[in-house]
Amino acid sequence: MKKKVIAVSGLTKRFGHFTAVDHITFDVEEGEIFGFLGANGAGKTTAMQMLCGISKPTSGSGTVAGFDIIRENEQIKRNIGYMSQRFSLYEDLKVWENIRLFGGIYGLSDKVIERKTDELLERLDFREERSTLVKYLPLGWKQKLAFSVAIFHDPGIVFLDEPTGGVDPAMRRQFWEMIYEAADRGITVFVTTHYMDEAEYCNRVSIMVDGRIDALDTPGALRSQYHATSIDEVFRQLARRARRNE
Amino acid sequence: MKQLIAFVQKEFYHIFRDNRTLLVILGMPVVQILLFGFAINMEVQDIRVALFAPTPDAFTQDVTEKIRQNGYFNYQGNMQTMQEVEESMRKGKLDLAVVFPPHFQREMLHSGEGVVQLITSSADPNRGSIAATYATAIISQYRMEQTGAADIPFQISTENRMIYNPRMKSAYMFVPGIMGLVLMIISTIMTSVSIIREKERGTMEVLLASPLKQATMIVAKTIPYLIISLLNLISILLLSYFVLDVPIRGSLLLLTLLSLLYIFLSLSYGLTISTLVQKQINAVIVSAMTVMIPVLMLSGMIFPINNMPPALQYLSLVVPARWFIDAVRKVMIQGLGISMVWQEMVILTGMILLLLTVTIVKTKKRLE
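Each value, and the rule that gives it
Think of each chain on its own: its residues are numbered from 1, step by step along the sequence as written. The order in which chains are written sets their letters, starting at A; the order in which ligands are written sets their numbers, starting at 1. Side-chain atom pairs in this predicted model are given and counted only at pLDDT of 80 or more, local residue features only at pLDDT of at least 70, and totals for whole chains, interfaces and linings cover all residues. The basis for every side-chain value is the complete set of non-hydrogen atoms in the structure, without hydrogens or water. Lines fitted to C-alpha atoms define the axes, with helix axes restricted to the stretch in contact, and inter-axis angles between N-to-C directions lie between 0 and 180 degrees. Strands are runs of DSSP state E lasting at least two residues, helices are runs of H or I lasting at least four, and both sets are numbered from the N terminus onward. For classification purposes, angles smaller than 35 degrees are called roughly parallel, those larger than 145 roughly antiparallel, those between 65 and 115 roughly perpendicular, and all remaining angles oblique. Whether two residues are in contact is decided by their heavy atoms, any of which lying within 4.5 Å being enough. The classification used treats Ala, Val, Leu, Ile, Met, Phe, Trp, Tyr, Cys and Pro as nonpolar, Asp, Glu, Lys and Arg as charged, and all other residues, Gly among them, as polar. Each residue gets one of three labels from its accessible area relative to the maximum for its type: buried under 20%, exposed over 50%, partly exposed in between, using a 1.4 Å probe on protein chains only. A pair of Phe, Tyr and Trp rings is counted when the ring centres sit within 6.5 Å of each other, with Trp represented by its six-membered ring. The angle between the planes then sorts it: under 30 degrees is stacked, over 60 is edge-to-face, the rest tilted. When two components associate, each loses some accessible surface as probed by a 1.4 Å sphere; the sum of these losses over both components is called the buried area. Whenever a carboxyl oxygen of Asp or Glu lies within 4 Å of a side-chain nitrogen of Lys or Arg, that contact is scored as a salt bridge. In protein, a polar contact means a hydrogen-donor-capable atom and an acceptor-capable atom, both N or O and within 3.5 Å, with residues adjacent in sequence counting only if both atoms are side-chain atoms; elsewhere, any N or O pair within 3.5 Å suffices.

Asks: Looking at this model, I keep getting lost on the packing of helix α3 (residues 58-69) of chain B against helix α5 (residues 104-111) of chain B. Mind explaining?
Replies: In a pair of packed helices, the angle between the axes and the distance between the axes together describe the arrangement. All names here are of chain B. With their axes 6 Å apart at the nearest point, α3 and α5 run at an angle of 110° to one another. Relative to α5, the element α3 is oriented roughly perpendicular. Contacts from A58, F59 and T60 of α3 reach α5 at F104, Q105, M108 and L109. A breakdown of the residues in the contact of α3 with α5 according to their chemical character gives 5 nonpolar, 2 polar and no charged.

Asks: What am I meant to see in the environment of A:T164 here?
Replies: Residues and elements named next belong to chain A. Topologically, T164 is positioned in the loop between β7 (157-161) and α6 (169-184). With relative accessibility at 2%, the residue T164 sits in the buried group. In this structure, the C-alpha to C-alpha distance between T164 and W96, residues 68 residues apart in sequence, is 22 Å.

Asks: What's the story with the packing of aromatic side chains in this structure? I'm lost.
Replies: Aromatic ring pairs: the centre-centre distance and the angle between the two ring planes describe each pair. Counting across every chain of the model gives 18 aromatic pairs over all chains. Summarising the aromatic geometry, the rings of A:F159 and A:F190 are spaced 5.1 Å apart at their centres and angled 50° between planes, so their arrangement reads as tilted. Residue A:F159 is found in strand β7, and its partner A:F190 is found in strand β8 (residues 188-192); the two are separated by 31 residues along the sequence. As far as burial versus exposure is concerned, A:F159 and A:F190 are alike and both buried. Each ring, one from B:F12 and one from B:F16, has its centre 5.8 Å from the other, and the planes form 15°; the classification is stacked.

Asks: Honestly, the interface of chain B and chain A in this entry has me stumped. Any pointers?
Replies: The interface of chain B with chain A comprises 26 residues on the first partner and 32 residues on the second. Interface area lost by chain B to chain A is led by B:R17, B:E205 and B:P211, which between them contribute 23%. If you look at where chain B meets chain A, you find 2 salt bridges. Counting across the interface, chain B meets chain A through 9 residue pairs in polar contact (both at pLDDT 80 or more). Counting residues per element, the ones that place at least two in the side of chain B that touches chain A are α1 (2-17), α7 (170-201) and α8 (203-208) of chain B. It is α1(B) that contributes the most residues to the side of chain B that touches chain A, 9 residues altogether.

What follows is the structure, encoded as structure tokens:
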């Protein structure tokens with residue numbers, strides 16, 4: 001059996017009387033692409049923030065990359081990558097300046113940053129854009145760059161919060177190719193998305209409804225369990241039970 | 001340390017790539033100093049005056065001549081009728097009219113009494129009353145010359161000596177005020193906006209999920225604006241010393257220390273605002289409203305605090321600029337030492353601690 005890089009049980013987050021995340025329990029294996037689905041307001045982002053060490057759970061426990069999510073959140077942060085749902089690079093910085101900044105934040109040495117920057121630009125075919133301000137790049141390119149920056153320090157796990165929002169289908173495909181490449185290199189990918197067709201690309205998906213995980217399995221198993229032809233249909237069946245208003 | 005350097009560098013990229021903002025934050029103190037120093041002049045000069053004497057005689061001519069020769073007055077001529085006086089006043093051509101009664105000299109010599117009417121335009125009350133005071137002084141001096149002290153058994157004269165600012169120059173009053181305004185508004189707005197911009201653009205989430213410590217980020221956010229504020233301080237002091245002739249009588253070191261304290265306070269206030277609002281535009285509005293209005297109205301920069309209603313006087317106690325401007329005046333204009341400004345310094349330090357506490361508490365709450 002493969003190593004579990006994320007293992008949480010009974011994870012709960014309450015804001016006053018509102019329970020945003022309600023006792024969720026699941027594992028993610030090393031090298032897996034794990035789809036984390038749910039309607040807006042289902043609690044995806046809150047759950048993800050607890051996994052990333054940004055927010056403390058009200059109750060429950062878990063480990064991410066081998067570190068305790070309550071006591072060792074600083075170590076977790078050093079071992080994960082994060083790409084936020086809004087575009088997460090600095091628009092008024094050049095491509096190389098963005099890379100350098102995040103390299104510096106993750107404590108890489110200047111030499112390593114330099115070498116890896118060249119590799120990265122080569123791989124993305126971005127050599128020409130090295131000194132372009134990020135705001136002049138097309139959106140699809142920005143997303144690719146943001147993803148590359150998120151895994152620049154070779155984290156064990158990368159968290160992607162709706163990485164393909166607003167990107168055209170062709171670009172989304174290219175983006176998913178990059179996700180597969182990262183997974184092949186052994187990086188575990190934890191991804192939330194709105195696009196149900198993308199869920200089919202994941203090794204396993206979980207579907208959150210009203211702060212709980214209502215379904216969790218491989219896309220194929222979920223389809224047969226719910227007698228559906230697509231994950232989209234599974235999602236609709238589950239979402240109908242939702243009580244929370246968006 | 002490496003994180004801090006990388007982050008400060010990034011902040012400077014933001015600042016230097018935004019040329020217009022850079023121009024505003026470095027140009028504002030220069031413009032303000034020159035504006036207040038030259039354009040906005042509270043000294044009453046160039047008082048436009050006309051005289052009306054229905055029956056000109058030696059006395060009225062003497063007085064006219066004295067007024068003409070006085071440097072504060074700008075003599076507009078003699079009026080022929082009372083209507084002409086009123087007309088000129090109404091059209092705003094005159095600040096002051098001196099009206100003699102008919103047969104002024106004869107009346108004076110016979111009864112020993114003469115009444116000269118001074119009509120001032122009080123559209124600008126301050127200017128009006130000062131113009132009247134100048135004219136009164138000239139006339140009473142003339143009377144003394146004519147009659148001597150003979151007919152009065154004793155006489156009390158006052159001699160005014162304006163110390164610290166003998167020429168009553170407005171710049172002495174405004175320079176500390178501008179320091180209080182400019183240093184605070186720039187530090188507060190820029191700090192709060194630069195943090196909220198990260199929240200608005202989503203980069204804050206990425207930073208929070210990174211190993212970057214919050215304290216490192218906050219220090220890195222404030223360093224560039226600390227440097228810019230120090231540059232502004234230098235340009236304000238150079239301009240006021242060399243262009244406006246405002247002296248720095250006290251210790252320059254103490255003045256710098258005071259300003260540093262005030263800059264730290266402004267940066268802290270910017271941090272506090274960044275924890276209270278969510279949008280850049282709100283940060284600008286809150287910073288501008290809570291800095292500009294109190295500094296202009298309640299700090300004593302323009303309106304003396306002692307003349308305010310008690311409620312406003314109490315309110316002014318929480319305006320940091322009040323303490324800062326007071327202390328700067330003491331050090332810069334009066335040349336006093338630390339023993340006279342330590343109270344202000346303690347108050348400013350207390351305010352910094354309070355603001356930082358609020359900021360930390362609010363930030364902790366958000367993360368939990």
